[in-house]
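# Fold and contact review
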Amino acid sequence: MVLRTASNGRIDSCGLATEDREDLIADCTMFLRNLYRHDRATFHEYLALVRRFVPGYTPKKPVYLWLMAKCLGYERAEAVAGFIRPIKQRLRKT
């Protein structure tokens, strides 16, 4: 939808309200997280697409993922987060 609507392919030029843009980016982030775990090839394709309409995309939340993505790159940050998430889930259960 964004790519069809935006003249230059960027999300800021397609007329969405700020809150709607942020919601769309948050949805993309969740989708990318799931793709990384289950289908790396599609993850790379979708990440390239997201970066077309959000140049320099890195996930904003959680903060540790944003920081790692800035330092290591997004794919490496997801790899590290893959080790952290199960630990966090176990800690929440106890």
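All of these numbers come straight from a predicted model, not from anything done at the bench. The residue numbers shown here count from 1 along each chain, following its written sequence. Under the rules for a predicted model, residues below a pLDDT of 70 receive no local features and side-chain atom pairs below 80 are neither given nor counted, while totals for whole chains, interfaces and linings still include all residues. In computing side-chain properties, one takes all heavy atoms of the structure into account and sets aside hydrogens as well as water.

## Looking at the overall build of the chain
When helices and strands are counted, the chain shows 5 helices and 0 strands. Starting at the N terminus and ending at the C terminus, the chain contains elements arranged as α-α-α-α-α. Here the term buried applies to any residue with accessible area under 20% of the maximum for its type, exposed to any over 50%, and partly exposed to those in between, with areas from a 1.4 Å probe on protein chains only. For the chain, with 94 residues in total, the buried portion stands at 30%. By sequence separation, contacts in the chain at least 24 residues apart represent 40% of the contacts at least 6 residues apart. Working definition: helices are DSSP H or I runs of at least four residues, strands are E runs of at least two. Numbering for both runs from the N terminus. Throughout, a residue-residue contact means that at least one pair of heavy atoms, one from each residue, lies within 4.5 Å.

## With respect to the pattern of salt bridges
Here a salt bridge means any side-chain nitrogen of Lys or Arg lying within 4 Å of a carboxyl oxygen belonging to Asp or Glu. Enumeration according to the criterion identifies 1 salt bridge in this entry. With a shortest N-O distance of 2.9 Å, R85 and E78 are connected by a salt bridge. Classification of R85 as buried rests on a relative accessible area of 15%. On the accessibility criterion, E78 (1% relative accessible area) is buried.

## Re the environment of T42
Here T42 lies in helix α3 (residues 40-53). Separated by 10 residues in sequence, T42 and L32 place their C-alpha atoms 9.0 Å apart. Polar contacts involving the side chain of T42 include one to the side chain of D39, which spans 2.7 Å. A 3.5 Å cut-off defines polar contacts: any pair of N or O atoms within that distance qualifies, except that in protein one atom must be a possible hydrogen donor and the other a possible acceptor, and neighbouring residues in sequence count only when both atoms are side-chain atoms.

## As for the packing of helix α2 (residues 18-38) against α3
The N-to-C vectors of α2 and α3 enclose an angle of 160°; their axes lie 8 Å apart at closest approach. Put simply, α2 runs roughly antiparallel to α3. You can see that α2 and α3 cross each other, and the crossing is left-handed. Here L24, C28, F31, L32, L35, Y36 and H38 of α2 come into contact with α3, specifically with R40, T42, F43, Y46, L47, V50 and F53. Between the N-to-C directions of two axes lies an angle of 0 to 180 degrees, each axis being a line fitted to C-alpha atoms and, for a helix, fitted only over the stretch in contact. Angle categories: roughly parallel below 35 degrees, roughly antiparallel above 145, roughly perpendicular from 65 to 115, and oblique for all the rest. Take the far helix as your reference; a near helix turned counterclockwise from it by less than a right angle gives a left-handed crossing, and one turned clockwise gives a right-handed crossing.

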